[in-house]
Amino acid sequence: MQANLLESVDARTKLAGSNKMEILLFSLGTREIFGINVFKVREVSQTPKITKTPNMPLGVEGVISLRGNIIPVISLSKFVATQEKPSSDANSTMIVTEFSKHTQAFLVHEVDRIIRVDWDKVRAPEAMLAGNQALITALTELPDGKLVSILDVEQILSSVIGEPVIPDLPSTHVNPESFMFFVDDSMVARKEIVSVLDKIGIKYYQANNGKEAWDKLQNLANRAVHDGELLKEKLKMILVDAEMPEMDGYVLTKHIKSDHRFSGIPVVMHSSLSSNANRAMGASVGVDAYVAKFDPVILADTVTPYVVS
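As named in an unreviewed UniProt entry, the chain is Chemotaxis protein, taken from Chitiniphilus purpureus.

Draft legend 1. Spatial organisation of the pattern of salt bridges. Counted according to the given criterion, the structure contains 16 salt bridges. Two residues, D112 and R113, come together in a salt bridge whose shortest N-O distance is 2.5 Å. In this structure D112 comes out as partly exposed when scored by relative accessible area, which is 36%. Its salt-bridge partner being K257, residue D288 comes within 2.7 Å of it at the nearest N-O pair. A residue pair is termed long-range when its members are at least 10 positions apart, and D288 in the loop between α6 (276-284) and β15 (289-292) and K257 in helix α5 (residues 249-257) qualify at 31 residues. A single salt-bridge network, built from bridges that share partners, covers K40, E154 and E243.

Draft legend 2. Expanded view of the sheet that holds strand β3 (residues 41-46). Spatially, the five strands line up as an open sheet ordered β3-β6-β7-β5-β4, and their pairing is mixed. Two strands close off the open sheet at either side, each with one partner strand: β3 and β4 (60-66). Between one strand axis and the next, the sheet turns through 30° on average, direction left out of account. Sheet analysis places β3 next to strand β6 (residues 93-99), joined by five bridges and oriented antiparallel. Within the sheet, the bridge partner assigned to V44 lies in β6 and is I95.

Draft legend 3. Layout of α6. Looking only at α6, the buried set comprises N278, M281 and G282. Seen along its axis, α6 keeps its buried residues to an arc of 100°; they face one direction. Structural note: α6 exposes N276, A283 and S284 on the side pointing more than 90 degrees away from its buried face. Where α6 terminates, the next one or two residues include G286, which has phi positive at roughly 100°.

What counts and how
Residue numbers here run from 1 along each chain, matching the order of that chain's written sequence. Local features in a predicted model are, by the rule used here, given only for residues with pLDDT of at least 70; side-chain atom pairs are given and counted only at 80 or more, and totals for whole chains, interfaces and linings are based on all residues. Water and hydrogen atoms play no part in the side-chain values, which are based on all heavy atoms of the structure. Salt bridges, as used here, are contacts in which a Lys or Arg side-chain nitrogen is within 4 Å of a carboxyl oxygen on Asp or Glu. Each residue gets one of three labels from its accessible area relative to the maximum for its type: buried under 20%, exposed over 50%, partly exposed in between, using a 1.4 Å probe on protein chains only. Helix and strand labels come from DSSP, where a helix needs a run of H or I of at least four residues and a strand needs a run of E of at least two; each type is numbered from the N terminus. Strands were regarded as paired on the criterion that DSSP finds at least two bridges between them. Axes here refer to lines fitted to C-alpha atoms; in helices the fit is confined to the stretch in contact. Angles between the N-to-C directions go from 0 to 180 degrees. In this description, the arc belongs to the directions extending from the helix axis to the C-beta atoms.

See the structure below:
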């Protein structure tokens, strides 16, 4: 089954703007169900022999050679607290992933199947989920009532390799009444975006998911109309993530581009999904630029021309 799980990727690019995502379900040797966006997954296989190396970060079991590239192998069970002890063969399957310009393998017990879900059926985790909250970016429910925890793999990768160092960036000369808006559901991504924007001196509003972003953007637009102003005179650009609970970045972009009140305001997609297919998905809904996470210099270079113009 694993060899057929990732076929028909081209068909999945048609999901752009449909507010749907496809999730690969897997387990860590317990009864809990986890998920990862299919677009982050390159392949699934049985775990090969892993080469142990000294001084590896916590959770990294070693490395493997995959078609000439040496990639780290990360045990997800070392990061995710489960309610029961994992089975003895909890790392028998390997999911090779590619996102944020990194390729790595995650060890899991087994993969189950791919499901297609509506983003409006995907919810942000409640604050009471203390232990795993930082590592679970969203929850959704299967038809039989079982919950699926969608992992924030960017946060896990950040825990392994460390957060990027934000270099000194030149400050900009921006109209003090100008600002930008960004939305991202990942805590680590929001922290990094804020660090970049603070360094280059740009004011901003922010949101944690697409639905919240659309509500806040409509409030800004309504206020501008009430004051008899053009929103584009102050709101210089909108930075959107692709994957977000309740409303994804593609649907959010379609809403923005179809509302005349946002005319002339560029939308930039900032995503860990950096393949050509994902760039094409962004272009299909009208994004003005696409920036792969996370390179603070490239992000600053992309943002600056819009906000100083």
